[in-house]
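# Fold and contact review
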Amino acid sequence: MTGPERPHILIVGGGYVGMYTALRLQQKLRRGEATVTVIDPLSYMTYQPFLPEAAAGNLEPRHVVVPLRRLLPRTQVLNGRVTKIEHSRRTVTFMPNAGDPFEISYDTIVVAPGSIARTLPIPGLAEVGIGFKTVGEAIFLRNHVLAKLDIAASTSEQSVRRRALTFVFVGGGYAGVEALAELEDMARDASKSYDGVEPSDMRWVLVEASDRILPEVSADLGRYTVRELERRNIEVRLSTRLDSAVHHHIKLSDGEEFDADTLVWTAGVKPNPVVEDTDLPLDEKGRLKGTATLRIEGVDDAWTAGDSAAIPDLSKKEPGALTGPSAQHAVRQAKHLGDNIVAAMRGGTPTDYVHAYAGSVASLGLHKGVAQVYGIKLRGWPAWFMHRTYHVSRVPTFNRKVRVLADWTLALFFKREIVSLGAIQNPREEFEQAARPALPPQEPAAPPAPSATEA
Ligand SMILES: Cc1cc2nc3c(=O)[nH]c(=O)nc-3n(C[C@H](O)[C@H](O)[C@H](O)COP(=O)(O)OP(=O)(O)OC[C@H]3O[C@@H](n4cnc5c(N)ncnc54)[C@H](O)[C@@H]3O)c2cc1C
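Treat the numbers as computed from the prediction; the structure is a model and nothing was measured. (Residues numbered from 1 in each chain as written. Predicted model: local features only at pLDDT ≥ 70, side-chain atom pairs only at ≥ 80, totals over all residues. Heavy atoms only, no water.)

### Structural notes on helix α1 (residues 16–28)
End to end, α1 covers 18 Å across 13 residues, agreeing with the expected 18 Å (1.5 Å per residue, within 8%). With 10 of its 13 residues buried, α1 lies for the most part within the structure. Taken together, the buried positions of α1 are occupied by Y16, V17, G18, M19, Y20, T21, A22, L23, L25 and Q26. (Helix = DSSP H or I, 4+ residues; strand = E, 2+ residues; numbered from the N terminus. Expected span 1.5 Å × (residues − 1). Buried < 20%, exposed > 50% of the residue type's maximum accessible area, 1.4 Å probe, protein only.)

So, in structure tokens, the structure goes:
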């Protein structure tokens, strides 16, 4: 797999950190200086900040992902999961998407498998909830919400309608708020084409355990966002927890109970548990312990960054401050990490990563948003415009920038698509029915055998 004469750099995870590190190495390494491998179950990197717009149909889902093989022609891309890292043996166990697992050895490793949803043992959550982190979930939710409008428009049974038109989101960070706001905007717009479904028939509920939403922006912008959502009849339940969701029956900690077909869980993230199956040091929250140079603490030839790492935030004065899980840090850390690996390989000295968090931008639907960047606070249209400008400047590759701009431009002139392609969730269903062998014609039931006494 690797030439024995070349050092092998193995990158676990092809997301923000993995992709940008590989890209940096591709740019900085001389031909033949090292072999770089990226391992990820997916063949693409997802630009997660665009997922809410993909769910709302403002962006084509394919345009919010970047194909790794196209972007990284000088990098080996393997699709599957790393299931174990034995750094003392400089070996990972790789489980390809098909076939048997095998070991891959390396000289230098970058561990960046990101985060997964942080869930709680709430009855019914695992059965009826869905997360919002992947392009698959975004596509599913778009089809699902439109399918619920289809259901409501096709029945007069009030309990079925109410349940179909009730949408619950748990978690008031930017992922949850943006996903809810964009989908509600899309559904309200779509309802104009539905006979018998009015925006006021829909119930959108945001449940947040703390006393505020959007902790990434200031408290007054958080309050503004609550007001903006409430103005759109979205219920914002602060200091409230989801207690149960068994059979889609939602129970909240404030005592309210109701049925909802849709439950989206966006209440925080935790480090990908694959980092537990390693001999690398973890902190009390299960993150890899990183240093300011992005090396893993106390070991040679191992580096980390992004959501699965605890990296000191040198831009802050408080001792023990860590960089938060955000794309903003992940991209910058990845570039820095690539430079440090090259420096270390060539006998140089890796430098510290320092970046003061610039702020956040969030879209709340078409022409609506909230932003706080370098202390400047924006609301409404200017914030939404900044959100779009910022993200189109950040989405990787010129190709993707053009496609995203084309999607937005087309959306100016044409109405949104309101078709629910729910069938793509189970594309073989119809064919399976057609291909199933026909049942033999039913024989008329045989008369009961005469009993001995009747004979
Ligand atoms: C909906 C949403 C909106 C967001 N919006 C913003 C925003 O506006 N601004 C902002 O700064 N941040 C935003 N974020 C957060 C940002 O996307 C993350 O902080 C960033 O993606 C972290 O980068 P990462 O490389 O650590 O993880 P990821 O980008 O998640 O990459 C991890 C990769 O590892 C792969 N992987 C997982 N397990 C394995 C394994 N066992 N073996 C190999 N590979 C594995 C995964 O498939 C994935 O590709 C948003 C997140 C979401 C979900």
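Structure's up, so let's keep going.
### Side note on the sheet that holds strand β10 (residues 129–130)
Read across the sheet, 5 strands follow the order β10-β17-β11-β12-β13 without closing on themselves; strand pairing throughout is parallel. Strands with a single pairing partner mark the edges of an open sheet, and in this sheet they are β10 and β13 (235–237). Sheet analysis places β10 next to strand β17 (residues 262–265), joined by 2 bridges and oriented parallel. Bridging from a neighbouring strand, I130 pairs with V264 of β17. The sheet contacts of helix α5 (residues 135–153) involve β10, β11 (166–170), β12 (203–207) and β17, and relative to β17 the element is tilted by about 155°. (Pairing = 2+ DSSP bridges. Contact = heavy atoms within 4.5 Å. Axes fitted to C-alpha atoms, helices over the stretch in contact; angles between N-to-C directions.)

### Some points on the pattern of salt bridges
For the structure shown, the criterion picks out 28 salt bridges. Linked by salt bridges that have partners in common, E184, D185, R188, R232 and K368 make up one network. (Salt bridge = Lys/Arg side-chain N within 4 Å of Asp/Glu carboxyl O.)

### Considering the sheet that holds strand β15 (residues 249–252)
The strand order across the open sheet formed by 3 strands is β14-β15-β16, and the pairing between neighbours is antiparallel. The two strands at the open ends of the sheet, each matched to only one other strand, are β14 (242–244) and β16 (257–259). On average, each strand axis in the sheet is inclined to that of its neighbour by 35°, with strand direction left out of account. With 2 bridges joining them, β14 and β15 adopt antiparallel strand pairing. The partner of L242 across the bridge, within β15, is L252.

### Observations regarding the pairing of strand β6 (residues 91–96)
The buried count for β6 comes to 5 of 6 residues, which makes it a mostly enclosed element. Here strand β5 (residues 76–86) folds back onto β6, and the loop between the two strands holds 4 residues, one of which, R90, carries a positive phi near 50°. Where β6 and strand β7 (residues 102–105) come together, 4 bridges link them in antiparallel fashion. Across the sheet, residue T93 finds its bridge partner in β7, namely E103. As consecutive antiparallel partners, β6 and β7 are separated by 5 residues, and within that stretch G99 has a phi angle of approximately 100°, a positive value.

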